[in-house]
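Results of the structural survey
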Amino acid sequence: MGAESIPSKQTVAWIENPRPECVLQIRNDVEVQQPAENEVLVKLECSGICHSDCMNVEGRGNYTAVPGHEGVGHVVKLGSGVPASLLGKRVGTKWLWKACGECSTCKKGKINHCAKQLNTGRSVWGTLQQYYVAHADFLTMIPEGVKSEVAAPLLCAGLSLAGAVSKLEPEVQPGEFVAIVGAGGGLGHIGVQYAAIKGYKVIAIDSGEEKEKLSKEMGAVAFVDFGKQDVVQAVKDLTGGEGAHGVICVAGSERAYIQAPELVRNSGVFVCVGLPPASFMFPMSPIHIANRGMFNLEVLAAVRANDCRLGDSRFVGWYERADGRTSSTRPRGENHP
């Protein structure tokens with residue numbers, strides 16, 4: 001598509017005066033933004049909706065008027081300095097819109113922790129618009145054969161859980177137990193697939209027959225229903241009394257975070273993904289952490305683990321090796337234990 005066929009006005013999802021009772025508006029009179037140096041204009045095909053977008057609408061943070069950070073579409077216009085080969089490519093845009101590339105964190109390759117980063121939907125307008133601007137260096141190429149509605153949630157839920165599972169290494173080895181709290185949700189069921197193909201024995205923790213069925217289809221070797229069972233005892237029974245070698249807490253409730261550390265064995269790995277309320281304090285003292293030899297106590301969801309840059313197909317490779325199932329409609333912020 002050439003620049004001459006791009007309209008001057010477009011339809012967007014618009015947040016006016018964010019607050020708990022706010023309703024997302026659909027506006028048809030918003031100007032199409034133009035790409036600057038090293039930027040591209042993308043015509044949207046599909047965008048996922050993350051739980052943080054709901055937080056945006058409710059006013060629980062500093063965001064822009066246009067939410068969304070799981071966009072897939074075709075590049076229709078190039079800013080200066082962008083290779084001509086990108087025109088027409090199907091690309092994905094995620095939470096990490098841009099990192100500085102100059103700080104010590106970026107130079108270590110940890111661009112998702114860049115203190116100067118810009119985020120889609122928070123620093124710049126998000127993907128819930130017909131045409132959105134993205135930074136050319138931080139696009140994800142979407143291969144043929146992966147539908148846009150499948151690729152979109154992989155750009156947030158997929159990358160977050162790819163990052164979460166990668167944090168288990170090297171302490172947790174294939175064949176060892178990994179418990180995933182909130183395994184049947186929008187992020188959790190993707191994490192079960194990733195962990196299973198890495199060779200871990202996944203203990204899925206959630207509630208209900210539907211989520212048990214989904215979790216086992218995704219590769220879990222066991223399911224613990226928090227609505228019917230003593231979760232801590234059930235996990236210990238499955239792991240020789242010691243607890244899982246690794247625990248990934250995808251659920252964002254306070255109850256989940258209070259209970260989850262009791263699921264991991266000494267010298268195990270605990271990875272945080274879900275975001276409880278900002279006022280919640282993690283219920284482990286430094287002495288407790290040190291005595292138990294706990295590793296990787298960091299919040300992945302805050303950075304979305306979105307270090308997938310232009311040409312990086314890691315998450316696509318995992319998708320192709322896994323069952324390839326995502327849920328773009330399953331809620332991301334469910335009330336797990």
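Bear in mind that the values here come from a model prediction, so they are computed numbers and not experimental data. Per-chain numbering applies: the sequence of each chain, read as written, is numbered from 1 onward. The predicted nature of this model means local features are confined to residues of pLDDT at least 70 and side-chain atom pairs, given and counted, to a pLDDT of 80 or more, with totals for whole chains, interfaces and linings taken over all residues. Hydrogens are left out, water is left out, and the side-chain values use all remaining heavy atoms of the structure.

**Observations regarding helix H1 (residues 51-58)**
Because an α-helix packs 3.6 residues into every turn, residues spaced three or four apart end up facing the same way. The condition that has to hold: Exposure is judged per residue with a 1.4 Å probe applied to protein chains only, and the accessible area is read against the type maximum: over 50% gives exposed, under 20% gives buried, and values in between give partly exposed. Think of it this way: any DSSP run of H or I at least four residues long counts as a helix, any run of E at least two long counts as a strand, and we number them from the N terminus.
Within H1, burial applies to Ser52, Asp53, Met55, Asn56 and Val57. Two residues or fewer past H1, Gly59 is found with a positive phi of approximately 80°.

**Remarks on the pattern of salt bridges**
Selection criterion: The rule for a salt bridge is simple: a side-chain nitrogen of Lys or Arg has to be within 4 Å of a carboxyl oxygen of Asp or Glu.
Overall, the coordinates contain 9 salt bridges when judged by the stated rule. With a shortest N-O distance of 3.1 Å, Asp29 and Arg27 are connected by a salt bridge. On the accessibility criterion, Arg27 (24% relative accessible area) is partly exposed. Between Glu217 and Lys213 there is a salt bridge; the shortest N-O distance is 2.5 Å. Of this pair, Glu217 and Lys213 both sit in helix H5 (residues 209-217), 4 residues apart, which is roughly one turn of that helix. Accessibility expressed as a relative area gives 53% for Lys213, which makes it exposed.

**Things to note about the sheet that holds strand E5 (residues 90-93)**
Pairing between sheet strands relies on hydrogen bonds along the backbone, with the strands arranged either parallel or antiparallel. For clarity, the cut-off: Note: two strands are recorded as paired if DSSP finds a minimum of 2 bridges between them.
Strand order in the open sheet made by the 5 strands is E8-E3-E4-E5-E9, with antiparallel pairing throughout. Either end of the sheet is taken by a strand with one partner, and the two such strands are strand E8 (131-135) and strand E9 (140-141). Judged from the 4 bridges that link them, strand E4 (residues 71-78) and E5 form a sheet pairing that is antiparallel. Opposite Val72, over in E5, you have Gly92 as the bridge partner.

**Regarding the packing of helix H3 (residues 148-166) against helix H4 (residues 188-197)**
Put simply, the rule reads: Simply put, an axis is a line fit to the C-alpha atoms, just over the touching stretch for a helix, and the angle between two N-to-C directions goes from 0 to 180 degrees. The cut-offs work like this: below 35 degrees is roughly parallel, past 145 is roughly antiparallel, 65 to 115 is roughly perpendicular, and the gaps in between are oblique. Handedness of a crossing is defined here by the sense of rotation of the near helix relative to the far one, left-handed for an anticlockwise turn of less than a right angle and right-handed for a clockwise turn. Here a residue-residue contact requires only that any non-hydrogen atoms of the pair lie within 4.5 Å. Polar here means any residue outside two lists: the nonpolar Ala, Val, Leu, Ile, Met, Phe, Trp, Tyr, Cys and Pro, and the charged Asp, Glu, Lys and Arg; Gly therefore counts as polar.
Following both chains from N to C, one finds H3 and H4 inclined at 45°, their axes separated by 9 Å at the closest point. Judged by the angle between their axes, H3 and H4 are oblique. Considering how the two elements wind past one another, H3 and H4 form a crossing that is right-handed. Here Leu154, Ala157, Gly158, Leu161, Ala162 and Val165 of H3 lie close against H4, whose contacting residues are Ile190, Gly191, Tyr194 and Ala195. The class makeup of the residues in the contact of H3 with H4 is 8 nonpolar, 2 polar and no charged.

**A few points about the side chain of His189**
Rules: For the purposes of these results, a polar contact is taken to be a pair of N or O atoms within 3.5 Å, where, inside protein, one atom must be able to donate a hydrogen and its partner to accept one; residues adjacent in sequence count only when each atom of the pair is a side-chain atom.
Residue placement: His189 occurs in helix H4. A relative accessible area of 2% places His189 in the buried class. Within the structure, the side chain of His189 is placed 2.9 Å from the backbone oxygen of Gly185, a separation counted as a polar contact.

**Remarks on the confidence of the model for the protein**
What counts here: Values of pLDDT, ranging from 0 to 100, describe the predictor's confidence in every residue of the model.
Of the residues in the protein, 86% reach a pLDDT of 70 or more, and the chain-wide mean stands at 87. Ignoring residues within four places in sequence, the model shows residues 298-313, a span with pLDDT below 50, making 59 contacts including any to other chains. Segment residues 327-337 is flagged for pLDDT under 50; beyond a separation of four residues in sequence, or across chains, it makes 35 contacts in the model.

**Notes on the environment of Ser253**
Checked against the element boundaries, Ser253 lands in the loop between strand E13 (244-249) and helix H7 (254-259). The sequence separation of Ser253 and Pro277 amounts to 24 residues, and the corresponding C-alpha distance is 7.8 Å. One polar contact links the side chain of Ser253 to the main-chain amide nitrogen of Ala256, over a distance of 3.1 Å.

**Digging into the state of the cysteines**
Note the following rule: By convention in this document, the label disulfide applies to cysteine sulfur atom pairs within 2.5 Å.
Inspection of every chain in the model, using the stated rule, returns 0 disulfides. Here Cys54 stays unpaired: no disulfide links it, and the sulfur of Cys50, its closest cysteine neighbor, is 8.0 Å away. On the accessibility criterion, Cys54 (35% relative accessible area) is partly exposed.

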